Number of protein chains: 2
Amino acid sequence: MLSNHLQNGIETARLVWSRLPNSDDEALDEVGLSKKSDGSRSESLDYEVIENNAYREEQAQRGKLMVGYYVGVKWFFALLIGIGTGLAAVFINISVENFAGWKFQLTFSIIQKSYVAGFLVYILFNLLLVFSSVYIVTQFAPAAAGSGIPEIKGYLNGVDTHGILLFRTLIGKIFGSIGSVGGGLALGKEGPLVHTGACIASLLGQGGSTKYHLSSRWLQVFKTDRDRRDLVTCGCAAGVAAAFRAPVGGVLFALEEVTSWWRSQLMWRVFFTSAVVAVVVRTAMGWCKSGKCGHFGSGGFIIWDISDGQEDYSFEELLPMAIIGVIGGLLGALFNQLTLYITYWRRNYLHKKGSRVKMIEVCLVSLITSVISFGLPLLRKCSPCPEVELNSSIECPRPPGMYGNYVNFYCGKDKEYNDLATIFFNTQDDAIRNLFSAKTIHEYSAQSLLTFLVMFYSLAVVTFGTAVPAGQFVPGIMIGSTYGRLVGMFVVNFYKKLNIEEGTYALLGAASFLGGSMRMTVSLCVIMVEITNNLKLLPLIMLVLLISKAVGDAFNEGLYEEQARLRGIPLLESRPKYQMRKMTAKEACGNKKVVYFPRVVKVADVVSILQSNEHNGFPVIDHTRNGESLVIGLMLRSHLLVLLQSKVDFQHSPLPSDPRGGGKPIRHNFTEFAKPVSSKGISIDDIHLSSDDLEMYIDLAPFLNPSPYVVPEDMSLSKVYNLFRQLGLRHILVVPRASRVIGLITRKDLLIEDNENSETVELQSTSVRSL
Amino acid sequence: MLSNHLQNGIETARLVWSRLPNSDDEALDEVGLSKKSDGSRSESLDYEVIENNAYREEQAQRGKLMVGYYVGVKWFFALLIGIGTGLAAVFINISVENFAGWKFQLTFSIIQKSYVAGFLVYILFNLLLVFSSVYIVTQFAPAAAGSGIPEIKGYLNGVDTHGILLFRTLIGKIFGSIGSVGGGLALGKEGPLVHTGACIASLLGQGGSTKYHLSSRWLQVFKTDRDRRDLVTCGCAAGVAAAFRAPVGGVLFALEEVTSWWRSQLMWRVFFTSAVVAVVVRTAMGWCKSGKCGHFGSGGFIIWDISDGQEDYSFEELLPMAIIGVIGGLLGALFNQLTLYITYWRRNYLHKKGSRVKMIEVCLVSLITSVISFGLPLLRKCSPCPEVELNSSIECPRPPGMYGNYVNFYCGKDKEYNDLATIFFNTQDDAIRNLFSAKTIHEYSAQSLLTFLVMFYSLAVVTFGTAVPAGQFVPGIMIGSTYGRLVGMFVVNFYKKLNIEEGTYALLGAASFLGGSMRMTVSLCVIMVEITNNLKLLPLIMLVLLISKAVGDAFNEGLYEEQARLRGIPLLESRPKYQMRKMTAKEACGNKKVVYFPRVVKVADVVSILQSNEHNGFPVIDHTRNGESLVIGLMLRSHLLVLLQSKVDFQHSPLPSDPRGGGKPIRHNFTEFAKPVSSKGISIDDIHLSSDDLEMYIDLAPFLNPSPYVVPEDMSLSKVYNLFRQLGLRHILVVPRASRVIGLITRKDLLIEDNENSETVELQSTSVRSL
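From a predicted model like this one, the values you see are computed outputs, not experimental measurements.

## Focus: the overall build of chain A
Part 1: Counting secondary structure elements, chain A contains 27 helices and 13 strands.
Part 2: When the accessible surface of chain A is totalled, it reaches about 27900 Å², and 60% of it is carbon and sulfur.

## A few points about the interface of chain A and chain B
Part 1: Taken residue by residue, the interface counts 163 residues in chain A and 164 residues in chain B.
Part 2: Roughly 14900 Å² of surface becomes buried between chain A and chain B when both sides are summed, with 61% attributable to carbon and sulfur atoms.
Part 3: Take the side of chain A that touches chain B: its biggest share by element is 11 residues, from helix H11 (residues 264–288) of chain A.
Part 4: Considered class by class, the residues forming the side of chain A that touches chain B number 84 nonpolar, 36 polar and 43 charged.
Part 5: Direction of pairing for strand E13 (residues 743–745) of chain A relative to strand E12 (residues 732–735) of chain B: antiparallel, over a ladder of three bridges. Within the sheet, the bridge partner assigned to isoleucine 745 of chain A lies in E12 of chain B and is isoleucine 732 of chain B.

## Re the side chain of glutamate 713 of chain A
Part 1: Mapped onto the fold, glutamate 713 of chain A is located in the loop between strand E11 (710–712) and helix H26 (717–727).
Part 2: Judged by relative accessible area, which is 18%, glutamate 713 of chain A ranks as buried.
Part 3: Not counting the four nearest positions on each side in its chain, glutamate 713 of chain A is found in contact with Thr584, Ala585, Lys586, Val734, Val735, Pro736 and Arg737 of chain A together with Ile742 of chain B.

## What to know about the state of the cysteines
Part 1: Counting across every chain of the model gives two disulfides over all chains.
Part 2: Across the disulfide, cysteine 382 of chain B is cross-linked to cysteine 411 of chain B (sulfur-sulfur distance 1.9 Å). Torsion about the S-S bond of the cysteine 382 of chain B and cysteine 411 of chain B cystine: about -85°, corresponding to left-handed handedness. Of this pair, cysteine 382 of chain B sits in the loop between helix H13 (355–379) and strand E3 (383–384) while cysteine 411 of chain B sits in the loop between E3 and strand E4 (416–417), placing them 29 residues apart in sequence.
Part 3: The class of cysteine 382 of chain B is buried, set by a relative accessible area of 12%.
Part 4: By relative accessible area, which is 14% here, cysteine 411 of chain B ends up buried.
Part 5: The thiol of cysteine 199 of chain A is unpaired, and the distance to the nearest cysteine sulfur, on cysteine 236 of chain A, comes to 10 Å.

## A word on a nonpolar patch on the surface
Part 1: A cluster of nonpolar side chains, namely Ile360, Leu364, Leu367, Ile368 and Val371 of chain A, defines an oily patch on the protein surface of about 410 Å² accessible area.
Part 2: Along the chain, isoleucine 360 of chain A turns up in helix H13 (residues 355–379).

## Digging into the packing of aromatic side chains
All names here are of chain B.
Part 1: In the structure shown here, the tally under the stated rule is 51 aromatic pairs over all chains.
Part 2: Here the aromatic rings of phenylalanine 244 and phenylalanine 473 are separated by 4.8 Å at their centres, their planes lie at 70°, and the arrangement is edge-to-face. Of this pair, phenylalanine 244 sits in helix H9 (residues 225–244) while phenylalanine 473 is found in helix H17 (residues 473–494), placing the two residues 229 residues apart along the sequence.
Part 3: When its relative accessible area of 1% is taken as the criterion, phenylalanine 244 is described as buried.

## Some remarks on the pattern of salt bridges
Part 1: Under the counting rule described, the total for this entry stands at 36 salt bridges over all chains.
Part 2: Notably, a salt bridge pairs aspartate 693 of chain B with lysine 647 of chain B, separated by 3.3 Å at the nearest N-O pair. Of this pair, aspartate 693 of chain B sits in helix H25 (residues 691–694) while lysine 647 of chain B sits in the loop between helix H24 (637–646) and strand E9 (650–651); the two residues are 46 residues apart in sequence, bridging distant segments of the chain.
Part 3: A residue is classified by how much of its surface remains accessible, and aspartate 693 of chain B, at 12% relative accessible area, is buried.
Part 4: The class of lysine 647 of chain B is partly exposed, set by a relative accessible area of 31%.
Part 5: If you follow the salt bridges from partner to partner, you end up with Arg519, Lys549 and Asp553 of chain A in one network.

## As for the pairing of strand E7 (residues 617–623) of chain B
Residues and elements named next belong to chain B.
Part 1: Counting buried positions over the seven residues of E7 gives five, a clear majority of the element.
Part 2: The sheet contact formed by strand E5 (residues 597–598) and E7 spans two bridges and is parallel. Considered in E7, the bridge of phenylalanine 597 is made with valine 620.
Part 3: Bridge analysis of E7 against strand E8 (residues 629–636) gives seven bridges, and the strand direction is antiparallel.

## Concerning the pairing of strand E12 (residues 732–735) of chain A
Residues and elements named next belong to chain A.
Part 1: Going residue by residue along E12, you find Ile732 and Val734 tucked away on one face and Leu733 and Val735 tucked away on the opposite face as well.
Part 2: As paired strands, E11 and E12 are joined by three bridges and run parallel to one another. Each residue of the ladder has a partner; that of proline 712, found in E12, is valine 735.

## Here's the deal with the sheet that holds E5 of chain B
Pairing between the strands of a sheet is mediated by backbone hydrogen bonds and can be parallel or antiparallel.
Part 1: Sheet architecture is open: three strands sit in the order E5-E7-E8 (chain B), paired in mixed fashion. A single partner strand is all that each edge strand has here, and the edge strands are E5 and E8 of chain B.

## Focus: the environment of valine 232 of chain A
Residue and element names in this part refer to chain A.
Part 1: Examined against the element boundaries, valine 232 turns out to sit in helix H9 (residues 225–244).
Part 2: Under the relative-accessibility criterion, valine 232 is labelled buried at 0%.
Part 3: Separated by 67 residues in the primary sequence, valine 232 and leucine 165 have C-alpha atoms spaced 9.4 Å apart.

## Details of unusual backbone geometry
If a residue is not glycine, its phi is most likely negative; likewise, a peptide bond is most likely trans.
Residues and elements named next belong to chain A.
Part 1: For arginine 519, which is not glycine, the phi torsion reads 60° and is therefore positive.
Part 2: Residue position: arginine 519 is located in the loop between helix H18 (502–518) and helix H19 (522–532).
Part 3: For lysine 647, which is not glycine, the phi torsion reads 65° and is therefore positive.

## Notes on the sheet that holds E12 of chain A
Part 1: The strand order across the open sheet formed by three strands is E11(A)-E12(A)-E13(B), and the pairing between neighbours is mixed. Single-partner strands in this sheet number two, and they are E11 of chain A together with strand E13 (743–745) of chain B. Recorded for the sheet is a direction-independent mean angle of 35° between the axes of neighbouring strands.

## Considering the relation of the copies chain A and chain B
There are two copies of the chain, and a rotation about an axis plus a shift along that axis relates them.
Part 1: Once chain A has been moved 0.1 Å along the axis and rotated by 180°, it coincides with chain B to within an RMSD of 0.1 Å. Here the transformation between the copies is reduced to the relation of a two-fold axis.
Part 2: The share of interface residues of chain A whose copies in chain B are also at the interface is 99%, consistent with both copies meeting through the same surface.

## Looking at the environment of isoleucine 323 of chain A
Part 1: Topologically, isoleucine 323 of chain A is positioned in helix H12 (residues 318–348).
Part 2: Residues isoleucine 323 of chain A and valine 544 of chain A, 221 residues apart in the sequence, show an inter-C-alpha distance of 8.6 Å.

## Re the confidence of the model for chain A
Residues and elements named next belong to chain A.
Part 1: Looking at chain A as a whole, the pLDDT averages 80, with 83% of positions reaching at least 70.
Part 2: Every residue in residues 1–40 scores below 50 in pLDDT, and together they form 66 contacts with partners more than four places removed in sequence or on other chains.
Part 3: Contacts from residues 659–663, a stretch scored under 50 in pLDDT, to residues over four places away or in other chains number eight contacts.
Part 4: On the interface metric, ipTM, the complex scores 0.82, and its pTM is 0.84.

## Section: the UniProt feature "transmembrane region" (unreviewed entry) in chain A
Part 1: Mapped onto this numbering, the UniProt entry gives "transmembrane region" (unreviewed entry) at residues 75–96, 116–137, 231–254, 266–285, 318–339, 449–467, 473–495 and 507–531 of chain A.
Part 2: Helix and strand shares over residues 473–495 of chain A are 96% and 0% respectively, and the end C-alpha atoms of the span are 31 Å apart.

## Description of helix H21 (residues 559–566) of chain B
Residues and elements named next belong to chain B.
Part 1: Summarising burial for H21: seven of the eight residues are buried, a large majority.
Part 2: Listing the buried residues of H21 in full gives Leu559, Tyr560, Glu562, Gln563, Ala564, Arg565 and Leu566.
Part 3: In the stretch just after H21, glycine 568 is the one whose phi turns positive, near 75°.

## Details of the nonpolar core
Inside soluble globular proteins, nonpolar side chains tend to come together where they are buried.
Part 1: With 281 residues, the main nonpolar core has Ile541 of chain A together with Ile541 of chain B as its most contacted residues.
Part 2: Excluding its chain neighbours within four sequence positions, the residues that come into contact with isoleucine 541 of chain A are Leu507, Leu508, Ala511, Cys525, Met528 and Val529 of chain A.
Part 3: In terms of nonpolar packing, the next biggest core, distinct from the first, is built from 44 residues, Leu572 and Phe724 of chain A together with Leu572 and Leu727 of chain B among them.

## Let's talk about the side chain of arginine 730 of chain B
Part 1: Tracing the sequence through the fold places arginine 730 of chain B in the loop between helix H26 (717–727) and E12.
Part 2: Here the side chain of arginine 730 of chain B touches serine 44 of chain B through a polar contact of 3.4 Å, landing on its backbone oxygen.

About the criteria used
Residues numbered from 1 in each chain as written. Chains lettered and ligands numbered in written order. Predicted model: local features only at pLDDT ≥ 70, side-chain atom pairs only at ≥ 80, totals over all residues. Heavy atoms only, no water. Helix = DSSP H or I, 4+ residues; strand = E, 2+ residues; numbered from the N terminus. Areas by Shrake-Rupley, 256 points an atom, 1.4 Å probe, with all protein chains shown as cover. Contact = heavy atoms within 4.5 Å. Buried area = accessible area lost by both parts, 1.4 Å probe. Nonpolar A, V, L, I, M, F, W, Y, C, P; charged D, E, K, R; others polar. Pairing = 2+ DSSP bridges. Buried < 20%, exposed > 50% of the residue type's maximum accessible area, 1.4 Å probe, protein only. Disulfide = S-S within 2.5 Å. Patch = residues over 30% accessible without salt bridge, like charges linked within 9 Å, V, L, I, M, F, W, Y side chains within 5 Å. Salt bridge = Lys/Arg side-chain N within 4 Å of Asp/Glu carboxyl O. Phe/Tyr/Trp six-rings, centres within 6.5 Å; stacked < 30°, edge-to-face > 60°. Axes fitted to C-alpha atoms, helices over the stretch in contact; angles between N-to-C directions. Least-squares fit on C-alpha atoms with pLDDT ≥ 70 in both. pLDDT = per-residue confidence, 0-100. UniProt positions renumbered as here; feature names shortened; annotations may be inferred. Core = buried A, V, L, I, M, F, W, Y, C linked by side-chain atoms within 4.5 Å. Polar contact = N/O pair within 3.5 Å; in protein donor to acceptor, adjacent residues only side chain to side chain.

Below, the structure is given as structure tokens:
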């Protein structure tokens, strides 16, 4: 009565895979890539709970104590992630500040005598740092290149990119960041810190790195992708919290930008992690205050306190602010588009030529950056110090040292400063501080700001996508604050009566560019407020962000989405596409044939099926006594591989070993089925089976997921999408319409109370009504 | 082959409902309540998209322009909600400040002559205001009593409590708040403002109030519960943003505390609404600065700027801060428990006696509050003004007027002040400002603070749950800051060398009590930071909140959850209960029989089935040509009622009018099926059908939801719960296992690109790999 090829399971399975081209391979052929041509393969994660017998057994064994232990470990890990990420951030900051400090100290002392010698030292110093970074990345940790946020976003969306959460990536990210940021490239250390936090979290979750013998058994509590996802979310938030010293911003970033699923319990834990980071960073900075950390402490973390800036705003200013928003949206969208093209070209042509090309490329970029940042200020004429400012706390030119406004660089007279050098020949943190600074009206000429904007924008575009760890936050703030200050200068000239600070416009510009490029909203707003320590500008930042995001959205997607797409990370947006409303689940499946397994399957069949296709989930069909077929569950490829490798569940009989739930002991621990993060897992080619083994059978019933989510064939795809996306699934079975309904579940059926709260149950039951 | 009673639909349906006791009625009997005994009936909302023919037709007709219009209206509504809520907040604040201002002005001027006369005037003034509040609430808008947050939380969780979002509730809330807060009761106006925002949003969403002829046709774009949910979320955030002038806090509150589903697009809109509120409130306050708004402006919105307070903290302080957290957790949990008992008693005994009792109760509470707040300071001996403080900006005693520290109340000498009056005989906003104030060490004696704590705590417990609009934020801050300052006094004495401000401890105390009672985390933290305008205390607030929430959670649930439970609002937590892992979907359904409909059903049958039970969803069964039965969808009671009322789809023939999707025009607009918010909708008793009508038939196929979500019968209940909760469903069909699998949907199948982005598709397709 039902389709014939279901009558005998083994034959069916054989038939199906031999007769039909494999759908996944087809997809690969279509895009013209074989499996091994690209190192960065990605794979879906299993966020669904596989309720097989092993799981049920583990659940049954788990006492109250175990549950408590489990919760305790989660919180302990949140603490460790906070401490680890905080320390990593402090380490990176101390190193970067010191390298940059030595560099500028040396250069400034040499240029007193010879500008040429200073120039060469400056270039070499930068080149050395940048080379160390690219060397580490290309030779040791290729996954550490770039910001890492698209990959982490993908991971939390359900796609694992191989290599992103390994120990070597963590190391590469930390040391690579130090080199690339210290070497003065137009990139930041904030994105990499998010990746660092995620790596720390993931490594903790799997109990350390197995490859480097750094794993610990007692830490191996979390073996499912689900638990790791929560930890990685904590790690992300910790990274942002550490990068910007913005704990609330960190939580919101994790919430808005990276995670795809969110629960309020998780929010609470993420919040805790961020608070720990804040305390760790604060403690470290307090310790460094006494000068124990070299140049660190005076520059340090990016906190651009503008609390002495503009406190109020008038309605006349809303128009120029809106203009800043529009500029931000346009420049941000352009940035995304340019980097998209360049990255595309790099990935498909340049970087295919090997790591030597990557290294040469980065060194060239470093050379150009050094030449521009040293050379351009040389060409710029110095300006005389403003007279009014002399009484204020800001000195002009700044006293010898590395920090402050009004840099004396290649100036003849004593009371002069070089405005281009103030922003260009400086660490980015200090340049931003100078751009944001209040009470320094007309410090910069429009010409200098425009020159800087064009040059730095180009550098940022070119640098993005090279083989070094690279964040986009700080360059974005640099670009934005430059044109923001430019607009501010005009506003100051136009509304002379108002108390307007150019620094405020610089801040708004920074927000607008980040909004136009990254398209974040609440989290970016909070981060900007936290790093500038000024709550009063909140509504203005909101306004600017609203405009810049809206303008940017008119052109393309956000930076991370574009990059994720380019890297082959198939992110599922939170919302189904509009045309999905008109499609059904059946149409989405296409006419690919499903590869079934029977309940008891011959080992040889398993091997050949697994070899012949790349499917990751196989429905398992059984037959009832009266001959009806019945879908009894879904078997994952990775679980099958574990079974094949261990061999303990092989049996001689082709009959089910015993009715399900019967006496046969489960020989597998639930944790054995867990796949390590970011690794390729076991491959079918690695498993060696004797010919005796191949003649044996496996009863899949205890190992399959007995209740995968199902949808009727004619459900609209947008509803299927919601199901898939909201629950973070990997497979949904499309089944025919049911012939009968066993029951309806409504809210009332799900209101089950704990036995402990019997008193409240009583209270409740008096008022629960029919729903 | 399948169960017999499916053979003929009509008979089946009749049989089932007549033979079996109705499950919903059973539930009602169990809890001993009939349907009409309680006015506040709640009903589940339909957040699922009903993809019936009317919907499909509307989708098909909808052009690009319509989609654009729809999005535009959504943003326009977000703007209107922001403006409306902002103005409502300004209105409430101006009124409250003015009433309270007049009251204190009058009282202070009279007590110069006679304390007895002043006392009487004070009592009468309060009584009058409170009476006006309780009169409005009991006579006109019963749903306006209380804070409204539990009900709104319930609404966003999927349960509609009748009456909460009506126009009269909005009016009652606004004017009731003015009376109760102006009348000096121990309650706040913040919770009611959240409810006010939600009401405004909901009324906008349905195009105004139909009952009061305030509706407008062109506003009636949003007719589904789904769209309204988004608007109400915006309204909530706007309420918080307006109450605390905390736009980010508002967004987070909506996210953390009230909403159950969240999408990042919504976050963006909510954020916009909050920004609008901030601008509206700021503009209004700027306008009021010149003295146009009477007493408003000097007190105004609760912003307790402590930016001149303690900026740093040392590790020794962490212990007393942790103690504050523990106290907060304990007192908060106690508060929740006490209010739970009192509310339970009120609901089940006191308030059943009618609105006269409610009015008397509130007036009594007002009387007691007045007597205590006036009388206790009288009994307190005045303290001499501190000498050191005389040079600072803070005067002692404060100059004649209503604001400031060091109140001279019943003091003999000139240079004396009454510390109890400083906090007790004052508006709550000013009292909190005085408690938070820095540079006023030892202003309060421990005895006064302790007296105030005990008295105010008791008053807050007693006042909670009376028939007036009542928020818990400000009373919570009052209680918390009192014991916080108490701890701070000891710390100041103990660590004399450190620069410690008692005001900082008061702030931490406030955070701890709110954390211990409401159990919010991130949002509360951000709100505290925004209202105190001090970012530096963020980690400390986080620490205190972590501790107080953990301590509180050890005892009971959060205030809003407890209250929602008590009010019969069955909130579904974000997480399934632990024992659900061991239950199956089938077990959850119990052995209730399902009431089916056949595809074509006799009108008389529909009526009798609807009359005989209270089910809200009915599976519809059809038969294929070879006699197999097939579940073709789910029919909602409310849609059936619409069909019965309009009668246009009645037909004479008991045969399907035509194959589905065929030529018969849909006579119903999709919006006709929408049910007004917070109303009881149509009842079966309101529909009058002639005997001819009863003999006719309806073909349900075009009106049913053809693809409700289904789960196999043996899926574990925790997975079902996740499905239900994450997607915000109302019904899930439990079906037998499928006999075959039509296909598997994986991530790859859901990656459908817009046609416009063909360029990016190309980029993507080169790197998408098999998942």
